[in-house]
Structures are given as C-alpha cells and as structure tokens.
Amino acid sequence: MAAQTILVTGGAGYIGSHTCVQLLAAGHDVVVVDNLSNSSTVALDRVADIAGRSVAFHEVDLRDRVALAEVFDDHDVDRVVHFAGLKAVGESVEIPVAYYDNNIVGTVNLLNAMADHEVFDLVFSSSCTVYGEPEVVPITEDAPIGAVSPYGRTKLYIEELLRDAAAADKRWRTVLLRYFNPVGAHPSGTIGEDPTGIPNNLMPYAMQVAIGRLERLRVFGGDYDTPDGTCIRDYIHVVDLADAHLAALGALDRIEGCEAVNVGTGTGSSVLEVVAAASNAVGADIPHDVVDRRPGDVPCVFADTGRAESLLRWSARLDLADMCRDHWNWQRQNPAGYGS
Ligand code: NAD
Ligand code: UDP
C-alpha cells in the first residue's frame, strides 16, 4: 500500500501505540485522536523515539463532534484505524451506560465525521469475546456470535452497525479484527501495556508478581476439561497484532463491504504453560496458587487463522517465548509503567 495518512483513534493506548510504530515505519503519516482516559502522551513520545518521527496528536474525545470534525478538517485522512474504547469487562458490568456511551456514541460520531469528509475505509478493533463460549475450536469467523458482558455487547453492536453501514452504502469498506489475547511489548522495552490499578489479565498480573509489585498469582481453576486442567487461550504478540492492522489496511483495497477476521496465532496455551514460559523469561519462578474458577471464564479458545492468511495475507511470527521475553523486558525497564 502506498504511503497514506492514517487516523488512529486510541493511538496512545497499548495496541494503538504499537500500531503507530509500525505505521510510521512503513512510511505512513499518522494522526492520533485520544482523550487520554486510559493512556499518556509519554507513550507517543516513545513512539517517536522508536520511529524517528512523530504522530500528529489531538487530545479529543470521540464524543466531541465539533472537535472531531476539526481533526478531519485539519488533515487529509485516507483511512482510519479505530481502537478508542473502554475495555474492562468487570467495569462494564458496573457502569454499562458509560460503556455504551463511550464505545457506541464514540463510534457513531466517528462514522459521521468520516462520511462527512468522504473517508469510508476503516479497520475496527473487535474481540474474540464476540464468540462467547465457542462450540468448536479452532474458532472460525462464521461461528455463532453473542456476548455475555456489556463490554462484549458494545463490540457486537458496533460490528452490526458497521455491517449495516456497508450494506447501505457500497463506499464503506471495513475490516473487523477480532483479537484473541494480546500480550508482549515492543522489543525496545520502551512501550508496553500499562494497566491502571491491579491488572485483570494474566500476563500483566504475572509480570507484576515477577517484578515484586504483587505477591502471588492466582491461577483461576485447575479442574477444567483441558490437558492440565487450566484454561486455554490464544495469546498474540502485540507487534504481530500491530502488523495485522497494516495488513488489514492493505486488504481494504481487495474487499467489498465488511469482513470479520480473527487475529490470533492459532495455537492455544494453558494458564500453567503461560506461567512456565513467563518464569523462564524472568529467570525465576513466578509464585502461584491454583484457586477456584473465575466466573464467566470459557475453558478453551483459540483462533482458526485461515481467513487472516487468505484475506489479509498475514500470519503471526512470534511465539509465547517471544511474548514473555518482550513483556518482561518492558516490565523490567518500566516497573511502574509510564509513571516509572
Ligand atoms: P487501551 O485502553 O490501552 O487503549 C484505548 C485508548 O482509547 C486509550 O488510549 C484511551 O485513552 C482511548 N479512548 C478511550 N475512549 C476514548 C474516547 N471516547 N475518545 C478518545 N479516546 C478514547 O486499550 P487497548 O488494549 O490498546 O485496546 C484497544 C482496542 O482493542 C479497544 O477497543 C479494545 O476494546 C480492543 N481489544 C483489546 C483487547 C486487549 O486485550 N487489550 C482485546 C480485544 C479487543
Ligand atoms: N487468569 C488467571 N489468573 C489471573 C488472570 C487470568 O488464572 O490473575 C486466567 C483466566 O482465568 C483465563 C486466562 O488466564 O483463563 C486469560 O485471562 P485474561 O483475563 O488474561 O484474558 P481473557 O481470555 O479472560 O480475556
């Protein structure tokens, strides 16, 4: 794909910042819109350090229609990657209206601003959470979809919204990227995931135990119907995931309408396998106890990657050892995240 101007919503966040690095490296100009509700401009400074050039940054909330229109007025945007959203499943159960407001209203405003400026090419951050408890693994994109949390429903409804928009107006071309479990960090160790408060996710929790910020990891459930009794997930290195966005932007030229694509490695790893790989990367055992199941966890989830290979011409290159090495490198260099 020739160099373009890509607008990245949520570009200061975990996956967004890694994608900005890959976009800049590929020669694109990048415009970031982020309200910094879950991120900091330090991430964008570090993106510039890695890439040797900066993004154009606008501190704007997607729900602010006027400010968003001004961003489109200021830049000749060709395509959009839409990461901005709230993403904590538990929190979404407590404050569902805030989730619908932020994720759905933000997306509606974005689509209106895009259409007003004749921009119809979009890559959207969806999630494998839209598959709920899959009947069959590996999961193909044609598997039934549904969601069990308000967060998951925002993803589902935005997917439907984008499908409806594309059905009504052939100018819309959209790739819905359904991420599996993003982990890891840029190999420089200067950008990475910086969760606020106590992490909910396995890898950041394990790494905070390793660095001494948390005492012990709890392995949620050892009695699942899996080889070692712990849940299986498809972990994907965030740099591979970032590259999938470049591939999806390129694929927009080859698709019509709206296409959903899984982004995983196609390989499942159990919680205990992740703990072992993380301990290996850290060079010390990560203290852990197997405790009761966490409500809502699904035993086994991993992606069928066939459509990513055929449609995006992309597949993951990095494995679990790479993910743990790079996540640890980031954690070690930034023990308190961007606040270090
Ligand atoms: P993140 O919180 O690090 O990044 C999201 C960014 O969007 C943040 O910088 C935040 O400040 C910004 N933002 C939120 N609401 C906004 C608004 N109304 N206006 C402007 N900016 C806003 O999260 P992430 O892990 O990088 O995830 C990016 C996207 O990928 C999200 O949509 C998330 O739901 C989706 N996703 C993430 C995962 C995961 O495990 N990290 C898995 C599946 C899908
Ligand atoms: N998990 C765990 N301990 C933790 C966090 C997560 O055992 O402190 C398990 C969780 O039960 C699931 C897997 O790790 O089986 C991945 O969980 P995560 O929250 O990272 O991602 P999810 O797949 O739930 O989105």
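Please refer to the structure higher up on the page.
Analysis parameters
Residues numbered from 1 in each chain as written. Chains lettered and ligands numbered in written order. Predicted model: local features only at pLDDT ≥ 70, side-chain atom pairs only at ≥ 80, totals over all residues. Heavy atoms only, no water. Helix = DSSP H or I, 4+ residues; strand = E, 2+ residues; numbered from the N terminus. Salt bridge = Lys/Arg side-chain N within 4 Å of Asp/Glu carboxyl O. Buried < 20%, exposed > 50% of the residue type's maximum accessible area, 1.4 Å probe, protein only. Contact = heavy atoms within 4.5 Å. Near = heavy atom within 4 Å. Polar contact = N/O pair within 3.5 Å; in protein donor to acceptor, adjacent residues only side chain to side chain. Areas by Shrake-Rupley, 256 points an atom, 1.4 Å probe, with all protein chains shown as cover. Nonpolar A, V, L, I, M, F, W, Y, C, P; charged D, E, K, R; others polar. Pairing = 2+ DSSP bridges. Axes fitted to C-alpha atoms, helices over the stretch in contact; angles between N-to-C directions. Core = buried A, V, L, I, M, F, W, Y, C linked by side-chain atoms within 4.5 Å.

Draft legend 1. Just unusual backbone geometry, in detail. Cis geometry marks the peptide bond from Val 137 to Pro 138, where omega comes out at -10°. The phi dihedral of Leu 36 is positive, around 60°, even though this residue is not glycine. A positive phi angle, close to 60°, is found at Glu 118, a residue other than glycine. Within the secondary structure layout, Glu 118 lies in the loop between helix H5 (96-116) and strand S5 (121-127).

Draft legend 2. Highlighting the pattern of salt bridges. Applying the stated criterion across every chain yields a total of 23 salt bridges. In this structure, the salt-bridge partner of Arg 163 is Glu 159, at a minimum N-O distance of 3.3 Å. With Arg 163 and Glu 159 both in helix H6 (residues 150-168) and four residues apart, this pair spans about one turn of that helix. The partly exposed category is assigned to Arg 163, whose relative accessible area is 29%. Across the pair Arg 307 and Glu 259 runs a salt bridge whose closest N-O atoms are separated by 3.9 Å. With Arg 307 in helix H10 (residues 306-312) and Glu 259 in strand S11 (residues 257-263), this residue pair connects regions lying 48 residues apart in the sequence. Judged by relative accessible area, Glu 259 falls into the partly exposed class, the value being 23%. Each of Arg 79, Asp 121, Arg 173 and Asp 253 takes part in a single network of salt bridges with overlapping partners.

Draft legend 3. Expanded view of the environment of Pro 195. Checked against the element boundaries, Pro 195 lands in the loop between strand S7 (181-183) and helix H7 (202-211). Sequence-wise, Pro 195 and Tyr 205 are 10 residues apart; in three dimensions their C-alpha atoms are separated by 9.5 Å. When near neighbours in sequence (up to four residues on either side) are disregarded, Pro 195 contacts Pro 204 and Gln 208.

Draft legend 4. Structural detail: the site of ligand 2. In the vicinity of ligand 2 lie 15 residues, with Leu 202, Arg 218, Phe 220, Arg 233 and Asp 297 positioned nearest. With respect to ligand 2, the side chain of Asn 181 contributes an N or O atom lying 3.0 Å from an oxygen atom. At 2.5 Å, a side-chain N or O of Asp 297 approaches an oxygen atom of ligand 2. If ligand 2 stood free it would expose 510 Å²; the protein chains cover 86% of that surface. Elements supplying a minimum of two residues to the shell around ligand 2: H7 and strand S8 (217-220). When residues in the shell around ligand 2 are grouped by element, the largest group, four residues, is from S8. Taken together, the residues of the shell around ligand 2 sort by class into eight nonpolar, three polar and four charged.

Draft legend 5. Representation of the sheet that holds strand S4 (residues 79-82) in the model. Pairing is parallel in the open sheet, where seven strands are placed in the order S3-S2-S1-S4-S5-S6-S11. In the strand order of this sheet, the two ends are held by strand S3 (56-59) and S11, each with one partner. Taking the axes of each pair of neighbouring strands and ignoring which way they run, one obtains an average angle of 20° across the sheet. Here S5 pairs with strand S6 (residues 173-179) via seven bridges, running parallel. Bridge pairing in S6 places Leu 122 opposite Thr 174. Strands in contact with helix H1 (residues 14-25) are strand S1 (5-9), strand S2 (29-34) and S6; relative to S2, the strand with the most contacts, it is inclined by about 165°. Sheet strands touched by helix H3 (residues 65-74): S1, S2, S3 and S4. Its angle to S2, the strand with the most contacts, is close to 170°.

Draft legend 6. Structural view of the nonpolar core. The biggest cluster of nonpolar side chains holds 43 residues, and the ones touching the most others in it are Val 8, Val 30, Val 175, Leu 177, Leu 312 and Trp 314. Counting residues per element, the ones that place at least two in this core are S1, H1, S2, helix H2 (41-51), S6, helix H8 (238-251), S11 and H10. Of all the elements, H8 adds the most residues to this core, at eight residues. Excluding residues that lie within four positions of it along the chain, Leu 312 makes contacts with Val 175, Leu 177, Ala 244, Ala 247, Ala 248, Ala 251, Arg 254, Val 261 and Arg 307. Residues Val 77, Met 114, Leu 162 and Trp 172 belong to the second largest nonpolar core, which totals 27 residues.

Draft legend 7. Inspection of the pairing of S4 at higher detail. A two-sided burial pattern is seen for S4, the buried positions comprising Arg 79 and Val 81 on one face and Val 80 and His 82 on the other. Pairing geometry for S1 and S4, over four bridges, is parallel. Opposite Ile 6, over in S4, you have Arg 79 as the bridge partner. As judged from the three bridges shared by S4 and S5, these two strands associate in the parallel manner. Across the sheet, Val 81 pairs through a bridge with Val 123, a residue of S5.

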